[in-house]
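In case you want the letters, here they are:
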Amino acid sequence: MSEPRIGVYVCHCGTNIAGVVDVAAVRDWALERLGGHGVVVSRDYPFMCSSLGQELIENDIKELGLDRVVVAACSPHMHEKTFRGAAERAGLNPYLCELVSIREQDSWVHTDKVAATAKAEAIVAGGVLRVREQTPLEPLHVPINDTTLVVGGGIAGISAALEIADAGFPVHLVEREPSIGGHMAQFDKTFPTLDCAACILTPKMVTAGSHPNITLHTWSEVTEVSGYVGNFTVKVLHRPRYVDTDVCTGCGICEEKCPRVVVDQAFAAGLGYRKAIYRPFPQAVPKYPVLDPASCTYFENGKCKACEKLCPPQAIRLDQQAEEVELKVGNIVLATGFQPFDARRVEAYGYGRYANVFTSLEFERMSNASGPTGGHIVLRDGVTEPKSVAIIHCVGSRDTNYNRYCSAICCMQSMKFAHLIREHTDASVYEFYIDIRAPGKAFDEFYERVQAEGTVFVRGRVAEVTNVLRYPEEAAQDGRLIVQVEDTLAARQRRIPVDMVVLSVGLDPQPDAADVARRFGIGCSSQGWIIERHPKLDPVATMTEGVFAAGCALGPRDIPSSVSTGAAAAARILGRIQQREMALEPVQAIVDAERCSGCRICGDLCPFSAITFDEQREVTEINRALCQGCGVCAAACPAGAITATAFTNEEILGQIEGLLTMTVEPQPVAVPA
Amino acid sequence: MNGSAETGFEPVILVFTCNWCSYRAADLAGTARIKYPPNVRLVRLMCSGRLDPAFVLKAFESGADAVVMTGCWPEDCHYRIQNVKALRRFELLSRVLVGLGLEPRRFQRVYASAAEGQQLADAFTRIVEEVRMLGPLDWGRPARPAVAASRVPDRPELVEASA
């Protein structure tokens, strides 16, 4: 290699850098001390990222024949693309331009000007000795399949699917339950507008179900994912419905004639009943019923077959088997949602012990006009209207024993309940809260409205719900529930007798969230919420290219936010589809087959399955598109056969040498005599 | 060897960061103007798991008085579990370095999420102070008096062993 010609460009960033670092000294030092390492020009400029600053670099590349550039300015996370772009415009491979940070790592964190200047010099030297070792790289271009997989048919998944389908691209929507709709389909009203949830959701469900670009896979689950951005292969398991959906008309006669009635734990939250062959709710999409073999008489003892005999179009298939289909997709949206916190875990609140303690989901079903009580708010006996109701906030949320996070929706849902109770009954309503969190559009106005309607707000975390009477004057309350709470505004203990308690339960991640994360190769927090690529600036992308997330799978949120994250994920995907291909950063591991000894130490280290072993040639191979570029294999390879591009050993060793040896003067040391 | 008052010793500490968590934490410390001593110098890797033992030995050879490996918290690795592999390597290398006579505080590890600029700066401040108390490290400085030279193997041997 002929001696490189390196240009060094030191940015003032106004006074951000120049206020602490002696920029001119760094400039002169670089030319003087690093001249022997290939630096042929060194300049400073007030704002390197400005178009004039970039032109300065571009002109030098062209006129002085520079083949390497070091820019000493801000963090590479800020302007690496900018300066690489400038290098590229001047005809230099962009990966021969190195941006080193003398702002975030130096002028902004230090006050000693002499020390900061010396450190800036060391950082520049590190950049120069690193860039010397750099080689031209080309981004890897992968084609993008225009089909998208959306996992989860709640409102977030439906939104994402519709956005992509409306733009003209195919979507596979996979849903675990028999119908799409998710939790929103179970709700009665939505806060704070009190829109009927079904009225606004079912048109979307119908559109998704009949959309020519959307293929529904309900009663199905994703079992396997392989491949990489633009080229995923996904296996979807269709569980048997025992109904031939090509023949079924959705007339509902099978459901009507089925003699077996069981408690519906899923959609009706345990408050209502369903048949062994059923549609979870009348507006279900698709319209086909599903037969639950666990509750079907035929699957128990081989008798009955009422549905098969009475089905007008002969659509029942009692011998149907599960079926696995393979889909090729380019991008994936995970909208796998949440599960309600299990109220039984808070034993002090008595859910499961006291009949008249309800969960928020039970209350949603009860207040729904098409729900098990026809919209009547009644005690567990099904007839008695409560005279007083306690609503307890933060059940399972903001609690070090359960979830420390705020579930975001419970305050508003609780106040919605209070409003509905006041509207439907004459009951007095108590809300027990820690803080009221009503930050959304028209949320606080709704809070005021509920207060004005006469709901009593008691600030305090409820200690206990009990039916045990403690004082003689409570004798009249026999058979009622007593809410024990410290009213922190009045600074006193209260025991408030009520007929009904509603526990406003928080949101938990899905129980298999960690498995799903592993299957799709993404990260989730220790609780189970999907981790976004950047919590502020990239909130729907995950750390894995091509896998996006939307809705409550990312963390507790309300319906508008679920819809917007679904649409946002769709927008990101549509942008990629329209590019037809995508450039991946060439930060990768590459195997030199000549040097590979076939020891396979690297194979076990890769969590992305990018490393495979060619049994015939007895060498390791790395799939460039699967490789995420962490470099662990490169550090582990005993033969030195793996190169981590853009972070090669030579580059890093060079940087270390530059950082340490150019400015470090031997320290005076006291040596024992 | 001891501390700094009479010698004016300022240690140089090389810090390896991962691109996703600790480097971003260092960026955040900068953006938030959190101050720490100028004795630390950063090398960005994609992942703490990229840390080849040779890099650490090279750093000591080149005059670093201490080396710090930083990265994502164990469950938050951008590459799923690669920082755990880095931890494994760190523990092994620590034993080797201690066996060579290095004080354990000269090779440390720090976790910092992208949000933990303050914590990272605090760790830097603490480590600089600790190393200042330890005094300079003689590795890599040629022609040292006998005491120091006898305590460590020759330089080339060290690098060979790591390759």
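Residues numbered from 1 in each chain as written. Chains lettered and ligands numbered in written order. Predicted model: local features only at pLDDT ≥ 70, side-chain atom pairs only at ≥ 80, totals over all residues.

## Description of the overall build of chain A
Scanning chain A from terminus to terminus reveals 18 helices and 34 strands. In terms of its C-alpha atoms, chain A occupies a principal-axis envelope of roughly 90 × 65 × 55 Å. Sorting the 673 residues of chain A into buried and exposed places 50% on the buried side. Sequence-distant contacts, at least 24 apart, represent 70% of the contacts inside chain A between residues at least 6 apart. (Helix = DSSP H or I, 4+ residues; strand = E, 2+ residues; numbered from the N terminus. Buried ≥ 20, exposed ≤ 12 C-beta atoms within 10 Å, placed from the backbone. Contact = placed C-beta atoms within 7 Å.)

## With respect to the confidence of the model for chain A
Summarising the model, chain A shows a mean pLDDT of 94, and 98% of its residues fall at 70 or more. The low-confidence segment residues 666-671 of chain A (pLDDT under 50) makes 11 contacts with residues lying over four places distant or belonging to another chain. (pLDDT = per-residue confidence, 0-100.)

## So, the sheet that holds strand 21 (residues 388-395) of chain A
Residue and element names in this part refer to chain A. On the basis of which strands lie adjacent, the open sheet formed by five strands has the order 20-27-21-22-23 and parallel pairing. Each of the sheet's edge strands pairs with one partner strand only, and the pair in question is strand 20 (357-359) and strand 23 (456-459). This sheet shows a mean twist of 25° between the axes of neighbouring strands, independent of strand direction. The pairing of strand 21 with strand 22 (residues 428-433) spans five bridges and is classified as parallel. Bridge pairing links Ala390 to Tyr430 in strand 22. Contacting strand 21, strand 22 and strand 27 (500-505), helix 13 (residues 410-424) crosses the sheet at an angle of about 170° to strand 21. (Pairing = 2+ DSSP bridges. Axes fitted to C-alpha atoms, helices over the stretch in contact; angles between N-to-C directions.)

## Notes on the packing of helix 6 (residues 113-131) of chain A against helix 18 (residues 649-661) of chain A
Residues and elements named next belong to chain A. It is at 7 Å that the axes of helix 6 and helix 18 come closest, and there the two elements cross at 150°. On the basis of the axis angle, helix 6 is roughly antiparallel to helix 18. Classified by chirality, the crossing of helix 18 by helix 6 is right-handed. Listed contacts from helix 18 to Ala122, Ile123, Ala125, Gly126, Gly127, Val128, Leu129 and Arg130 of helix 6 are Glu651, Gly654, Gln655, Glu657, Gly658 and Leu659. Grouping the amino acids of the contact of helix 6 with helix 18 by side-chain chemistry returns six nonpolar, five polar and three charged. (Parallel < 35°, antiparallel > 145°, perpendicular 65-115°, else oblique. Left-handed = near helix turned anticlockwise from the far one by under 90°. Nonpolar A, V, L, I, M, F, W, Y, C, P; charged D, E, K, R; others polar.)

## Section: the interface of chain B and chain A
Each side of the interface is counted separately: chain B has 45 residues, and chain A has 48 residues. Elements with a minimum of two residues in the side of chain B that touches chain A: helix 1 (22-31), strand 2 (40-45), helix 2 (53-61) and helix 3 (82-99) of chain B. At six residues, helix 1 of chain B tops the list of elements feeding residues into the side of chain B that touches chain A. Looking at the side of chain B that touches chain A residue by residue, the classes come out as 25 nonpolar, eight polar and 12 charged.

## Overview of the nonpolar core
If you look at the biggest cluster of nonpolar residues, it comprises 124 residues, and the most contacted ones within it are Val69, Val71, Ala72 and Val124 of chain A together with Ile13 of chain B. Residue-level mapping places this core at the junction of two domains, with at least three residues from each of domain 1 (6-137) and domain 4 (589-645) of chain A. (Core = buried A, V, L, I, M, F, W, Y, C linked by C-beta atoms within 7 Å. Domains from an automatic or database assignment.)

## With respect to the domain arrangement of chain A
Along its sequence, chain A is organised into domain 1 (6-137), domain 2 (148-337 + 547-579), domain 3 (338-508) and domain 4 (589-645). Here the C-alpha centroids of domain 1 of chain A and domain 2 of chain A sit 55 Å apart.

## Description of the sheet that holds strand 26 (residues 492-498) of chain A
Residues and elements named next belong to chain A. The strand order 24-25-26 describes an open sheet built from three strands, whose pairing is antiparallel. Only two strands of the sheet have a single partner each, and these edge strands are strand 24 (462-466) and strand 26. Strand-to-strand, the axes of this sheet are offset by a mean angle of 20°, without reference to chain direction. The sheet contact formed by strand 24 and strand 25 (residues 481-487) spans four bridges and is antiparallel. Of the residues in strand 25, the one forming a bridge with Thr466 is Ile482.

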